[in-house]
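Survey of secondary and tertiary structure
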Amino acid sequence: MSRGGRRDGPTEPIRTCVGCGERLPQRLLQRFHLHDGELQAGPGPGRGAYTCRRRACLERAVARRAFGRTLRARVVVPAGLTDLFI
Ligand SMILES: [Zn+2]
């Protein structure tokens, strides 16, 4: 057995939910990015911020202005964005 520090299988990228602060595999989280200063869900250019796919986390992230901190920008949250999740 080698002990080279390599793990079996691909390593999953881990991201932090900006709503609750939990660290989870990226595939379980929703990515957000800025488009012309507006927060948009989904893949996109530039920095990304992640939340759990839960309305509570998304609302909390908005209320705490966590997106602005993470994306280092002024963030406009479009009306209805939190309707993305139940
Ligand atoms: Zn969360």
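These lines cover the structure that appears in this document, whether it is placed above or below. Residue positions are counted from 1 within each chain, in the order its sequence is given. Totals for whole chains, interfaces and linings use all residues, but because this is a predicted model, local features are given only for residues with pLDDT of at least 70 and pairs of side-chain atoms are given and counted only at 80 or more.

Take the nonpolar core next. Formed by 14 residues in total, the largest nonpolar core has its most connected members in Cys 17, Val 18, Ala 49, Tyr 50, Cys 57, Ala 61 and Phe 67. Secondary structure elements with two or more residues in this core: β3 (29-35), β5 (49-52), α1 (55-63) and α2 (66-71). Beyond its immediate stretch of four places on either side in the chain, Cys 57 contacts Cys 17, Gly 19, Cys 20, Thr 51 and Cys 52. The nonpolar core is taken to be a set of buried Ala, Val, Leu, Ile, Met, Phe, Trp, Tyr and Cys residues joined by way of C-beta atoms within 7 Å. Buried residues are those with 20 or more other C-beta atoms within 10 Å of their own C-beta, exposed residues have 12 or fewer, and partly exposed residues lie in between; C-beta atoms are placed from the backbone. What counts as a helix is a DSSP run of H or I of at least four residues, what counts as a strand is a run of E of at least two, and both are numbered from the N terminus. Placing C-beta atoms from the backbone, we regard two residues as in contact once those atoms come within 7 Å.

Of the strand pairs in this sheet, β3 and strand β4 (residues 38-41) are connected by 4 bridges, and their pairing is antiparallel. Among the inter-strand pairings, Phe 32 is bridged to a residue of β4, identified as Ala 41. At least two DSSP bridges between two strands are required for those strands to pair. Where β3 folds back onto β4 in an antiparallel hairpin, the turn is made up of 2 residues, including Asp 36, whose phi is positive at roughly 50°.

Read across the open sheet, the 3 strands follow the order β4-β3-β5; overall the sheet is antiparallel. Where the open sheet ends on each side, the last strands, each with one partner, are β4 and β5. Direction aside, neighbouring strands of the sheet carry axes that sit 35° apart on average. Bridge count between β3 and β5: 4 bridges; the pairing is antiparallel. If you follow Gln 30 over to β5, its bridge partner there is Thr 51. To obtain an axis, a line is fitted to C-alpha atoms, over the contacting stretch when the element is a helix, and the angle between two such axes runs from 0 to 180 degrees between their N-to-C directions.

Note that His 33 resides in strand β3. Distance from His 33 to Leu 71, taken between C-alpha atoms, is 7.9 Å for residues 38 residues apart in sequence. For His 33, the residues in contact, after removing those within four places along its chain, are Gln 40, Gly 44, Pro 45, Gly 46, Arg 47 and Gly 48.

Moving on: α1. Among all positions in α1, only Cys 57, Leu 58 and Ala 61 are buried. Buried residues in α1, looked at end-on, bunch into an arc of 100°, giving them a common side. The inward-facing, buried residues of α1 abut β5 and α2. Once α1 finishes, Arg 65 follows within two positions and takes phi at roughly 55°, a positive value. To obtain the arc, one takes the directions from the helix axis to the C-beta atoms.

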